[in-house]
Amino acid sequence: ELCGLIASDGGLYMSEKHHHYRIYLSSADIEVAKHYEELFERVYRKRPHRYRYKPPSTPHYSVEIEDVSIYFDLWNLRIKGPNPYEFHVPKEHLDERGMRAFLRGFFTGDGGVAMGYDRTQNRVRFHIRFDSKYKEGLEEIRDLLKDLGFRPLEIHEYYREDRTYYYFRIPEEEHLKFIEEIGSEKPDHREKFEVLKKIYEEKRRKRDRED
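Predicted model, so just to flag it, every value in this text is computed and none were measured. (Residues numbered from 1 in each chain as written. Predicted model: local features only at pLDDT ≥ 70, side-chain atom pairs only at ≥ 80, totals over all residues. Heavy atoms only, no water.)

A.B. asks: Could you give me a rundown of the packing of helix H1 (residues 2-9) against helix H4 (residues 96-110), with the residues and numbers involved?
C.D. replies: At a minimum axis separation of 6 Å, H1 and H4 run at an interaxial angle of 30°. Between H1 and H4, the angle falls in the class roughly parallel. Considering only the axes of H1 and H4, their crossing is right-handed. Of the residues in H4, those touching H1 at Cys3, Gly4, Leu5, Ala7, Ser8 and Asp9 are Phe102, Gly105, Phe106, Thr108, Gly109 and Asp110. Class assignment of the residues belonging to the contact of H1 with H4 gives a composition of 5 nonpolar, 5 polar and 2 charged. (Axes fitted to C-alpha atoms, helices over the stretch in contact; angles between N-to-C directions. Helix = DSSP H or I, 4+ residues; strand = E, 2+ residues; numbered from the N terminus. Parallel < 35°, antiparallel > 145°, perpendicular 65-115°, else oblique. Left-handed = near helix turned anticlockwise from the far one by under 90°. Contact = heavy atoms within 4.5 Å. Nonpolar A, V, L, I, M, F, W, Y, C, P; charged D, E, K, R; others polar.)

A.B. asks: So what's going on with the environment of Asp9? Residues and values would help.
C.D. replies: Secondary-structure assignment places Asp9 in helix H1. In this structure Asp9 comes out as partly exposed when scored by relative accessible area, which is 23%. Measuring from C-alpha to C-alpha, the distance between Asp9 and Tyr24 comes to 8.6 Å, with 15 residues separating the pair along the chain. The contact partners of Asp9, leaving out residues within four places of it in the chain, are Leu25, Ser26, Gly109 and Asp110. (Buried < 20%, exposed > 50% of the residue type's maximum accessible area, 1.4 Å probe, protein only.)

A.B. asks: So what's going on with the sheet that holds strand E1 (residues 10-15)? Residues and values would help.
C.D. replies: Across the sheet, 4 strands lie side by side as E1-E2-E4-E3; this open sheet has antiparallel pairing. If you trace the sheet from one side to the other, it starts and ends with E1 and strand E3 (49-53), each paired once. Each adjacent strand pair in this sheet contributes to an overall mean axis angle of 25°, direction not counted. Where E1 and strand E2 (residues 20-27) come together, 6 bridges link them in antiparallel fashion. By the bridge assignment for E2, Gly11 is matched with Tyr24. Sheet strands touched by H1: E1 and E2. Its angle to E1, the strand with the most contacts, is close to 75°. (Pairing = 2+ DSSP bridges.)

Spelled out as structure tokens, the structure:
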């Protein structure tokens, strides 16, 4: 899960000249930043430092630590690459439990849960999706889900602020499976998941009554 968070919203920074080896996570959500701190301390027995950045920069929290041994421990897993936005899934190190944990961490950082009213079908619709600026890494995320029995939809691209982004969705029939097996630590995601589960539960009760 820690690796998944770093792959999505984190990074590894090295400056050999100044002997800097930094591991960090950037998040606009204080709960996600705190969760990362707890995971990091649980794994490495060291507590990173949290900083809050305010305007004129984009308001966010940065959780950082400098440690050469931890840096290379994570670098050797190849979760972050040398190119901008590059990340990879350390699949050879993951059993099924590890796959789910990595996906939960990544989705917490770069996942999205959208809820809206579909007038044509007269119902509330949900979209659960993974987003990234790095297509190859997103393909690895998609393959990981397939290994766990999911059937993720195809990857699409879109443009925003002169930059290309990529995303894929979880099919509606697998929403509950995703919530139960993967989930998220982001409060906004969890709130929407609870609404979605209530809607599905009401649908199930309605079918039971009709039967």
